[in-house]
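One letter stands for each residue in the lines below.
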Amino acid sequence: MRLGFGPIPTPAQIDRAHAVVRVLLAASALLFVLVTSARAQEPPYFVTYSSALEEPGNLEVSFKGTTGSPKNGNTFTGGALEFEYGVKAWWTTEFYLDGQSTRNDSTLLTGFRWENRFRPLMREHWINPVLYVEYENLNQASRSILEVTGHQSQADYAIPNQFARAEIEREMELKLILSSNFKGWNLSENFITEKDINESEPWEFGYAIGVSRPLSLLASKRNCTFCRENFSAGAEAYGGLGDTNGFGWKQTSQYLGPTVQFNIPKGPTLFFSPQFGLNANSVPVLYRFSVSYEVQQIGSWFKRKQ
Amino acid sequence: MMRMTKTKVDRQARQFRAAVLACALIGCMALADGSWLKKVPADYHSRTNPYAGQADAIAGGGKLFADHCAKCHGADALGTGKKPSLRSDRVQREATEGDIFWLLKNGNLGKGMPTWSSIPEPSRWEIVAYVRSLGLADAAAGANSGEEKKQ
């Protein structure tokens, strides 16, 4: 991975970034408080995508956090504020704002992503493909780790923010998502490829695999918060596969960990996962957490009542 | 001569547009909700609900319905806007339980109905049990009007 050195941000720029982050968090909190919600269909994965798309007209707002301590680096917490909207039953679009905070360093916005997922087959099959196209404009200070591609390693997360933020990557990312649902289990596999569209860097590759199941396949008759039907558990593995100049999974990072999801009835959905680095290139442990709220039929808010 | 030809061409163009419009309208009507019923495979059509009529399953299905279905189809399942009623003759009488189960699994993506395949199969049967327990809207309206008359 190449690192460029650019101008160090001024205090005014840093203050502005902090203000933007505060406004976004406040707006999200307000939205969480004001709206009614419902549980989403998604399995408890952080990196892996399943074939579940957002229901048309629904907006899911979520915050995905990742914290870790790279060797020879400061503890970081990366965050992505995500707005996911179901355009059609076969098309979901998603916008992310990405930021991070590093202990003994700084807090900053690191860029944005815009992704679209399309379901080409109109019926359910044993294996359900979904096509994923994403444009991302992120600087290298991003710590959300929403995927691992190429030769990413923990050394990348030890670079001080003032240098990492100067290297901006504009990338196209394509994924082939394959997902199966059988007897309550979900098995999803993602094949990832990524290319910097500004520079003559090679195509980078990665993968993600997830398996999960709700703790209960039946909904109970009574209203309950901590009953099994509100929990899902599973495991997730992901990592890089090198690039066109050097394919393979050794010179890159690999992670594996259990995941758990808790749907609070009429409230948000919480996710948690400790994910363990499987080789020396990986951060020893990443703790991931997420909170998401689904706002149903937000489009109807703007339609005239008949 | 030229003028007559132009008028004739205009008339033919109008007739052609009207014919296309009529065909499109008929096509849309034919494809309007209910067309999914013809797509259901025979093995699904004949499936029966293992939880049919069970009070616990209906209550559980009611919770799932409130979570996933009510916003589009209405809390009373009578439909909202363009989203169809689930208490119609089509859903309550024409369709078998297997047909509704198939629709929940596959959705009708072209018409805005998502797939619910990530909901486990037993839970989907609970939703079917709940929807069927609601009965026809006319019957409900009739019962209500009867109540009103009594009062």
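Use the structure listed above.
Conventions adopted
- Residues numbered from 1 in each chain as written.
- Chains lettered and ligands numbered in written order.
- Predicted model: local features only at pLDDT ≥ 70, side-chain atom pairs only at ≥ 80, totals over all residues.
- Heavy atoms only, no water.
- Phe/Tyr/Trp six-rings, centres within 6.5 Å; stacked < 30°, edge-to-face > 60°.
- Buried < 20%, exposed > 50% of the residue type's maximum accessible area, 1.4 Å probe, protein only.
- Helix = DSSP H or I, 4+ residues; strand = E, 2+ residues; numbered from the N terminus.
- Lys NZ or Arg CZ within 6 Å of the ring centre and 35° of its normal.
- Contact = heavy atoms within 4.5 Å.
- Buried area = accessible area lost by both parts, 1.4 Å probe.
- Salt bridge = Lys/Arg side-chain N within 4 Å of Asp/Glu carboxyl O.
- Polar contact = N/O pair within 3.5 Å; in protein donor to acceptor, adjacent residues only side chain to side chain.
- Nonpolar A, V, L, I, M, F, W, Y, C, P; charged D, E, K, R; others polar.
- Disulfide = S-S within 2.5 Å.

(A) Layout of the packing of aromatic side chains. All names here are of chain A. In the structure shown here, the tally under the stated rule is 16 aromatic pairs over all chains. Residues Trp90 and Trp91 carry aromatic rings whose centres are separated by 6.1 Å and whose planes lie at 25° to one another, so their mutual orientation is stacked. Relative accessible area serves as the criterion here: at 26%, Trp91 is assigned to the partly exposed category. Aromatic side chains Phe112 and Tyr135 sit 6.1 Å apart centroid to centroid with 55° between the ring planes, which places their arrangement in the tilted category. With Phe112 in strand 4 (residues 107–118) and Tyr135 in strand 5 (residues 128–139), this residue pair connects regions lying 23 residues apart in the sequence. A relative accessible area of 29% means that Phe112 is categorised as partly exposed. Put simply, the rings of Trp90, Trp91 and Phe118 touch in pairs and so form one group of aromatic residues. Above the plane of the ring of Phe76 lies Arg143, whose end atom (NZ or CZ) is 6.0 Å from the centre. Its guanidinium or amino end placed over the ring of Tyr132, Lys175 lies 4.4 Å from that ring's centre, counting from NZ or CZ.

(B) Local environment of the interface of chain A and chain B. If you look at the interface, chain A gives 26 residues, while chain B gives 29 residues. Of the roughly 2500 Å² buried at the junction of chain A and chain B (both faces included), carbon and sulfur atoms supply 53%. Where chain A touches chain B, the interface holds two salt bridges. Between Glu229(A) and Lys63(B) there is a salt bridge whose closest N-O contact spans 2.9 Å. Where chain A touches chain B, the interface holds ten residue pairs in polar contact (both at pLDDT 80 or more). Taken together, the residues of the side of chain A that touches chain B sort by class into eleven nonpolar, seven polar and eight charged.

(C) Highlighting unusual backbone geometry. All names here are of chain A. Of note in the backbone geometry, Asn104 takes a positive phi value of approximately 65° without being a glycine. Here Asn104 lies in the loop between strand 3 (91–102) and strand 4. The phi torsion at Lys266 lies on the positive side, around 55°, for a residue other than glycine. Here Lys266 is to be found in the loop between strand 11 (254–263) and strand 12 (269–277). Exposure remark for Lys266: the relative accessible area of 67% places this residue in the exposed category.

(D) Fine view of the state of the cysteines. Applying the stated criterion across every chain yields a total of one disulfide over all chains. Bridging Cys224(A) to Cys227(A), the disulfide has an S-S length of 1.8 Å. Between Cys224(A) and Cys227(A), the S-S dihedral sits near 70°, and the bridge is therefore right-handed. Each member of the pair, Cys224(A) together with Cys227(A), is buried. Just so you know, Cys69(B) is unpaired, no disulfide at all, and the nearest cysteine sulfur is the one on Cys72(B), 8.7 Å from it.

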